[in-house]
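# Structural overview
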Amino acid sequence: MTPGRRSVRLSRRPLGLLAAAALGAATLVAHPTAAQAAQAAQAAPAAPAAPAAPAAPAAKGTTYYVDSRSGDDGASGTSAARAWRSLDRVGRTTFRAGDRILLKAGGSWKGQLWPKGSGEKNRPIVIDSYGSGPKPQIRGEGTVDDAVRLFNQEYWEIRDLDVSNDAPATGTPGENLRDLRGIHVSGDSARRLDHFLVDGVDVHDVTGEVNWISGDVSGNAPGVRFKTGWDRSKRTGGIVFDTTVPDITAPPSAATVLHDIRVQNSTVRDTSFAGIVVKQYTGDAKDANGAPVAVPTGWGTRTSAADTVFTPHTDITIRNNFISQGGTPYGCNAMYLTNVRGAVVDHNVVDQAGTSGIEAYYADNVVIQRNEVYRTEQKAGGADSNGIDADKGTTRVRIQYNFVHDNGDGILLCQFSFGDVVVRYNILSGNSRYPLYLHSDRAASAEVYNNTVHNPASRYLVYGYGSSLNARYDLHDNAFSSAVADASLTTSPTIRYANNFYGGAPLPVPATDTTARTGDPLLVNPAVSGPYGTADSGPRLRTALGFAPRPGSPLIGNGTVVPDNGGRDYGGAPLYLGRPDIGAVEGPPGEARAGHGRA
């Protein structure tokens, strides 16, 4: 949302994610496309995380070695004994399908890694490491826009690197923020570019500038600018996938589309503006006086669900990552997914983001599931502090099986212009302002059911205001539990409350909810305070089972049957265990919950 609204390489994944994968009763052994996964996720939650994708065989390709200490750019580079030395030597080479570029573990390079060439289907070019020791470091140090770059290239896999791009600080906070990224995949070729895998990388300390789409320019500060428009905003940070055009005054007739993007088993820390960004070009640049200087294409904006000019990137998977912005006051969104169709955001940890933990914007067919998002706060002039946001022009969005806690707002539904979203089987706890924030336009609709919302301190449980109350919201079979008496639940003629539970402390029951349940929810341990997800552990989804009902709870057996309900509850148990229950967890924990494999 915009302001004003707003070591030795033993594995390709953090140890905790390996452990999380081992917990599952069923484990994915192959990766469907994100579009297939998104379709499947509407029917059931995914099994615990898949192992890291194996490196594709380098059939008929050549393996090149790079050693920052002992290499020689005059050597052949085709063996560890004849390794190259510099990034410049790699950048002067056009690689072919099946080639591998191996950087020596423990090595460190300053500058930009930009190897040329493209792979082919089933024969990508792979960047990886060799030897034992810490991951190879690529340090941009603010001297290059992108520490690792691919442009008009395809079929690439980037593995096991340590990437940073931080410009030195000055005496003025924010003055060192620039147009910087850690890993940047882009292009302007007016065609589809396929297959980009980022696996097991650590991206950190990227001092990217913060440019907001809209807002008030009176709030401009060093490194932070408002009202910069679509194309100039929100395209800096840790890992960025975007596109552009060769000439903004004469764009081609077709967009460049990135297809088959996967970011997995990686960490992103302290990168501004964002952790991971996916974005399409639209042509809205203006000069200093606000006059248009670009010919609009409309590829990156969306006027309706049926907009045929809208040209999103396709088949995106973001899985098993840890993203934290806790070390920078300029680190905003952990994930900013715009202009995408067919995306799955699964089994990630997001901690201390600014503005939004996971945000979808101008997007279609997106599943956000099995993530733990916590401690999101306002930063760098951003107006929001939500865990998950279905924002402007988003359709066929599913938000399910997430643990969203201790943010400013829990889940924000901000579908300006139009949109539709289903929010189901999530557990929200400890969100200090609006646990559930209704902020969409008239043409949007939301179905919100079988969530457990626990409120220890806020004066609100459900909040909306003004014209946002003209959208249609259907809230049913949710468990609203509060330690604060009379915590508010916003009502309007377009909000339907039905068959919800309202309790803990006495709560107002909306007049439309004629089958409401009240009283003590008898939760297992609503005072649960951890453990929470880390880079080592992965998302601690089981912690939220403290909000499951105990035997005798009025949540048990008092729900309604929901068709096309996903087939599983928050804990992974099949629906239903007898009569349907209210809230995110079916029935008391115990034998009925054993072995279902929720990490």
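Described below are features of the structure shown in this document. (Residues numbered from 1 in each chain as written. Predicted model: local features only at pLDDT ≥ 70, side-chain atom pairs only at ≥ 80, totals over all residues. Heavy atoms only, no water.)

## What to know about the overall build of the protein chain
The condition is simple: Helix numbering and strand numbering both begin at the N terminus, where a helix is a DSSP run of H or I of at least 4 residues and a strand a DSSP run of E of at least 2. Here's how the labels work: a residue is buried when its accessible area is under 20% of the maximum for its type, exposed when over 50%, partly exposed in between, all with a 1.4 Å probe on protein chains only. Note on areas: Shrake-Rupley with a 1.4 Å probe; residue coverage comes only from the protein chains shown.
Summing up its helical and strand segments, the protein chain has three helices and 41 strands in all. In the protein chain, buried positions account for 62% of the 599 residues. With an accessible surface of roughly 20,600 Å², the protein chain has 51% of that area assigned to carbon and sulfur atoms.

## Points about the packing of aromatic side chains
Rules: When the centres of two rings from Phe, Tyr and Trp lie within 6.5 Å, Trp using its six-membered ring, the rings pair. Their planes under 30 degrees apart give stacked, over 60 give edge-to-face, and anything left gives tilted.
For the structure shown, the criterion picks out 23 aromatic pairs. Arranged with centres 6.4 Å apart and planes meeting at 20°, the rings of W212 and F226 form a pair that is stacked. Residue W212 is found in the loop between β14 (210-211) and β15 (224-225), and its partner F226 is found in the loop between β15 and β16 (237-241); the two are separated by 14 residues along the sequence. Here W212 and F226 have matching classes, each one buried.

## Re the environment of S432
As a reminder of what qualifies: The criterion used for residue contact is that any of the two residues' heavy atoms lie within 4.5 Å.
By secondary structure assignment, the location of S432 is in the loop between β31 (427-429) and β32 (436-438). A residue is classified by how much of its surface remains accessible, and S432, at 51% relative accessible area, is exposed. C-alpha separation for the pair S432 and N455, spaced 23 residues apart in sequence, amounts to 8.1 Å. Leaving out residues up to four positions away in the same chain, S432 has contacts with N407, G408 and S458.

## Some points on the environment of V263
As for its position among the elements, V263 is in strand β17 (residues 257-264). Linking V263 and V201, residues 62 residues apart in sequence, is a C-alpha distance of 9.1 Å. Excluding residues that lie within four positions of it along the chain, V263 makes contacts with V198, I239, F241, I276, T317, I318, R319 and N321.

## A look at the pattern of salt bridges
We apply this condition: A carboxyl oxygen of Asp or Glu within 4 Å of a side-chain nitrogen of Lys or Arg is what we treat as a salt bridge.
Evaluation of the coordinates by the stated rule reveals 22 salt bridges. As a salt-bridge pair, R370 and D346 come within 2.8 Å of each other at their nearest N and O atoms. Pair noted here: R370 is in the loop between β24 (355-369) and β25 (372-374) and D346 is in strand β22 (residues 335-346), with a separation of 24 residues, a long-range link. With its nearest N and O atoms 2.8 Å apart, the salt bridge here joins R375 to D351. With R375 in the loop between β25 and β26 (385-390) and D351 in strand β23 (residues 349-351), the pair connects residues that are 24 residues apart, well separated along the chain. Look at R375 and you get partly exposed, because its relative accessible area is 39%.

## Comments concerning the side chain of N321
Quick reminder of the rule: The definition of a polar contact used here is a pair of N or O atoms within 3.5 Å, where within protein one atom must be able to donate a hydrogen and the other to accept one, and adjacent residues in sequence count solely through side-chain atom pairs.
For N321, the location among the structural elements is in the loop between β20 (313-319) and β21 (322-324). Taking relative accessible area as the criterion, N321 reaches 2% and is therefore assigned buried. Reaching out from N321, the side chain makes a polar contact with the backbone nitrogen of S266 at a distance of 2.9 Å. Looking at N321, its side chain comes within polar contact range of the main-chain oxygen of R319, at 3.0 Å. In this view, N321 contacts V263, Q264, N265, S266, H347, N348 and V349; residues no more than four positions away in its chain are not counted.

## Observations regarding the pairing of β24
We apply this condition: One bridge is not enough; two strands pair if DSSP finds at least two bridges between them.
For β24, a buried count of 15 out of 15 residues is recorded, marking the element as mostly surrounded by other parts of the structure. Sheet topology note: the β22/β24 ladder contains ten bridges and is parallel. Counted as the bridge partner of R341 is D364 from β24. Where β24 meets β26, five bridges bridge the pair, whose relative direction is parallel. When the bridges of β26 are listed, I358 appears paired with I388.

## Re the pairing of strand β3 (residues 100-104)
As paired elements, strand β1 (residues 63-66) and β3 share four bridges and run parallel to each other. Following the sheet pairing, Y65 is matched in β3 by L102.

## Description of the environment of N525
Relative to the assigned elements, N525 resides in the segment after β41 (517-519). Each C-alpha atom of the pair N525 and A544 lies 9.1 Å from the other, and the pair is 19 residues apart in sequence.

## What about unusual backbone geometry?
In the segment running from S272 into F273, the intervening peptide bond is cis, with an omega of 5°. Summarising the element assignment, F273 is placed in the loop between β18 (267-272) and β19 (274-278). Cis geometry is adopted by the peptide bond preceding P531, which originates at G530 and carries an omega value of 5°. Relative to the helices and strands, P531 is located in the segment after β41. In this structure, A190 is a non-glycine residue whose phi angle is positive, near 60°. In this model, K227 sits at a positive phi of 60°, which is unusual for a non-glycine residue.

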